[in-house]
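Residue-level listing of the chains:
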Amino acid sequence: VNGKLWGGRFSKQSAAWIDEFGASIGFDQEMAHEDLEGSIAHAQMLEKTGIISADDATKIISGLQEIQEDLQNNKLEFKASLEDIHMNIETILTSKIGPVAGKLHTARSRNDQVATDLHLYLKNRIPEVISAIQSLQVILVKKAADNIETIIPGYTHLQHAQPISYAHYLLAYYEMLKRDIDRFMFNVKHTDINPLGAAALAGTTFPIDRFYTTNILGFNDTYNNSLDAVSDRDFVLEFLSDASILMVHLSRFCEEIILWCSYEFGYLELDDSYSTGSSIMPQKKNPDMAELIRGKSGRVFGHLQSLLTTMKGLPLAYNKDMQEDKEGVFDTVKTIIPSIKVFSGMVETLKINKTKMLHATQQDYSNATEFADYLANKGIPFRQAHGIVGQLVFEGIQTGKTLQEIPLSKLQQISPLIDEDIFNKLTSKEAVARRNSYGGTGFEQVKFQVDLAKKELNL
Ligand code: ARG
């Protein structure tokens, strides 16, 4: 006996520093609430099935409820020598109600207990993530509604490609976030399953009722296979993967904010409340928050990679390696929710320099496709039209003229099909307005998509 809850077959104590190494209490206390909830449900089930007496159940449950209160009042003290949240709570329970506390662990193992806690933990947090994303969507769609006719350069390869509506740009992120929500919703399906009662790995000889705990814990489903129940961390991997993809989206947007706030672009200006200054350069206004969100994507990706690597070589069923699953998840939750919130405020207060953005589309050749389309509309095969306009761009670059600055007489030498009306077609406003193919950047299309998004968000 070595004084541990599992110490019966041991004749020696481990050193405190070794206990410390093996302990998870430093971080799994994050799930104290879920652990208590799971234990209360388990005790209720033990009573209902007659595995423990009503009297014992009452003692256990009121003891656990007292611990819930202590938890809320920050009165619990945890010890590394007790390894994890499960054994800390069981020990506290014993100190409150005596040896009857030992009946709580009937027909249960820490393996199904920790899995239950983690399922409950994520089940409780995913809706918070989803609702933060939804609030961000509302901000994007409102901003889009105000900017349907705001024109910005559209880029490919970070080179001016074709002018687009700023609303169209914002709605692209709205769509990405919609898929993020879909993914988190799907993640709920695999999180909302009850592993409790799988015991160590094989189930139990006690006449437990797994569906009863499924019911009280509010789970939607019950694991069919006890081995799978204790060794499955797919739901965590999914969460980390969904969180990573979400962070990719925020990070790309942040990258554009950072670029577009630079002197060279000057399309955007961050609100002072989302910027920082320099300790040496008095003129500086830095997009720290955008950079930090871009930077934090790295740690979230890291957590995904870390758990994939932890899990990939594990034989069934539980292995202590799996204790490494938790810190990354907790950190991910604590990273993505504030990231979404800071990002939301930053975008909501972002100032747009419409003149500068429009200007950037008027001194370039991003209307070259318009010209080629114009010729193609007159019956010239598009490939040939492309060649003609390419030649004009070449000459324009030599002479320092944009396409719209080339005189009509010069244009008509190239093709008599070109008319005065070409100049209207070459304005960026027309270029954007006329792109009304489904999902295109044409004002009518964008207006349609804004309305659709508003309907989706009940705005
Ligand atoms: N602290 C452990 C974890 O986080 C709990 C489960 C321990 N089970 C065991 N058989 N050692 O994974």
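No experiment lies behind these values; they were computed from the predicted model shown.

## A word on the overall build of the protein chain
Secondary structure summary: the protein chain contains 19 helices and six strands in total. Taking 23 Å as the expected radius of gyration for a compact globule of 459 residues, we find that the protein chain reaches 31 Å, considerably beyond that expectation. For the protein chain, the spread of C-alpha atoms along the three principal axes comes to 100 × 50 × 40 Å. By the burial criterion, 39% of the 459 residues in the protein chain qualify as buried.

## Here we look at the domain arrangement of the protein chain
According to the domain assignment, the protein chain contains domain 1 (7-106), domain 2 (111-356) and domain 3 (360-456). Here the C-alpha centroids of domain 1 and domain 3 sit 71 Å apart.

## Things to note about helix α3 (residues 32-48)
One turn of an α-helix holds 3.6 residues; hence residues three or four places apart share an orientation. A rise of 1.5 Å per residue sets the reference length of α3, with its 17 residues, at 24 Å; its end C-alpha atoms lie 24 Å apart and thus fit the reference within 8%. Within α3, 13 of the 17 residues are buried, which leaves the element mostly enclosed by the surrounding structure. With its phi angle positive at about 75°, G50 sits one or two positions after the end of α3.

## Quick notes on the nonpolar core
The tendency in soluble globular proteins is for nonpolar side chains to be buried as a group. L93, A167, L170, L171, V236, I336 and V450 are the most contacted members of the largest nonpolar core, which has 94 residues in total. Sort the elements by how many residues they give to this core and helix α6 (residues 110-145) lands first, with 13 residues. Membership of the second largest hydrophobic core comes to 10 residues, among which are F371, A372, Y374 and L426.

## Structural notes on the site of the ligand
Within the structure, the ligand sits among S24, D28, D84, R110, N111, V114, Y318, K320, M322 and Q323. By residue number, the principal contributor to the shell around the ligand is α6, which donates three residues. In terms of residue class, the shell around the ligand is built from three nonpolar, three polar and four charged. When residues of the shell around the ligand are sorted by domain, at least three fall in each of domain 1 (7-106) and domain 2 (111-356).

## Some points on the environment of V100
In this structure, V100 sits in the loop between α5 (85-97) and α6. In this structure the C-alpha to C-alpha distance between V100 and E175, which are 75 residues apart in sequence, comes to 55 Å. V100 has contacts with D56, K59 and I60, leaving out every residue within four places of it along the chain.

## Let's talk about the packing of helix α14 (residues 368-377) against helix α15 (residues 382-399)
Put simply, α14 and α15 touch, their axes get as near as 8 Å, and they point 135° apart. Classified by the angle between their axes, α14 and α15 sit oblique to one another. Taken as a pair, α14 and α15 cross one another with a handedness that is right-handed. Across from A368, F371, A372, L375 and A376 in α14, the residues of α15 making contact are F382, A385, H386, I388, V389 and V393. For the contact of α14 with α15, the class distribution of residues is 10 nonpolar, one polar and no charged.

## Digging into the pairing of strand β2 (residues 159-165)
The pairing of strand β1 (residues 151-156) with β2 spans six bridges and is antiparallel. When the bridges of β2 are listed, I152 appears paired with I164. The antiparallel hairpin formed by β1 and β2 contains two residues in its connecting segment, where H157 sits at a positive phi of about 55°.

## A short note on the UniProt feature "domain: Argininosuccinate lyase C-terminal" (unreviewed entry) in the protein chain
As annotated in UniProt, the feature "domain: Argininosuccinate lyase C-terminal" (unreviewed entry) corresponds to residues 365-433 in the numbering used here. Spanning residues 365-433, this segment combines 65% helix with 0% strand, and its end C-alpha atoms are found 17 Å apart.

## A few points about helix α12 (residues 326-348)
Its 23 residues place the ends of α12 33 Å apart at the C-alpha level, agreeing with the 33 Å of an ideal helix rising 1.5 Å per residue. Along α12, the residues classified as buried are K326, G328, V329, T332, V333, I336, S339, I340, F343, M346 and V347.

## Concerning the confidence of the model for the protein chain
Close inspection of predicted coordinates is inappropriate in any region flagged by low pLDDT. Put simply, the protein chain has an average pLDDT of 96, and 100% of its residues get 70 or more. Per the prediction output, this complex has pTM 0.95; the corresponding ipTM is 0.97.

## Some remarks on the environment of A32
By the secondary structure assignment, A32 is in helix α3. The class for A32 is buried, based on 21 C-beta atoms found within 10 Å. Spatially, the C-alpha atoms of A32 and K429 are 58 Å apart, while their sequence positions differ by 397 residues.

## Topic: the packing of α6 against helix α10 (residues 234-260)
Two elements in contact, α6 and α10, have axes whose closest approach is 10 Å; the angle formed by their N-to-C orientations is 30°. Judged by the inter-axis angle, α6 sits roughly parallel to α10. Handedness of the crossing formed by α6 with α10: left-handed. Contacts between α6 and α10 involve L118, H119 and L122 from the first element and F235, V236 and F239 from the second. Tallied by class, the residues present in the contact of α6 with α10 amount to five nonpolar, one polar and no charged.

## So, unusual backbone geometry
Between L316 and the following residue, A317, the backbone shows a cis peptide bond with an omega angle of 0°. Structurally, the position occupied by A317 is in the loop between α11 (288-312) and α12. Not every positive phi belongs to a glycine, and E83 is a case in point at roughly 70°. When you line up the elements, E83 lands in the loop between α4 (54-72) and α5. We note that L158 has phi near 60°; this positive angle belongs to a residue other than glycine. The residue L158 is located in the loop between β1 and β2 in this model.

Procedures and definitions
Residues numbered from 1 in each chain as written. Predicted model: local features only at pLDDT ≥ 70, side-chain atom pairs only at ≥ 80, totals over all residues. Helix = DSSP H or I, 4+ residues; strand = E, 2+ residues; numbered from the N terminus. Rg over C-alpha atoms; globule rule 2.2 N^0.38 Å. Buried ≥ 20, exposed ≤ 12 C-beta atoms within 10 Å, placed from the backbone. Domains from an automatic or database assignment. Expected span 1.5 Å × (residues − 1). Core = buried A, V, L, I, M, F, W, Y, C linked by C-beta atoms within 7 Å. Near = placed C-beta within 6 Å. Nonpolar A, V, L, I, M, F, W, Y, C, P; charged D, E, K, R; others polar. Contact = placed C-beta atoms within 7 Å. Axes fitted to C-alpha atoms, helices over the stretch in contact; angles between N-to-C directions. Parallel < 35°, antiparallel > 145°, perpendicular 65-115°, else oblique. Left-handed = near helix turned anticlockwise from the far one by under 90°. Pairing = 2+ DSSP bridges. UniProt positions renumbered as here; feature names shortened; annotations may be inferred. pLDDT = per-residue confidence, 0-100.

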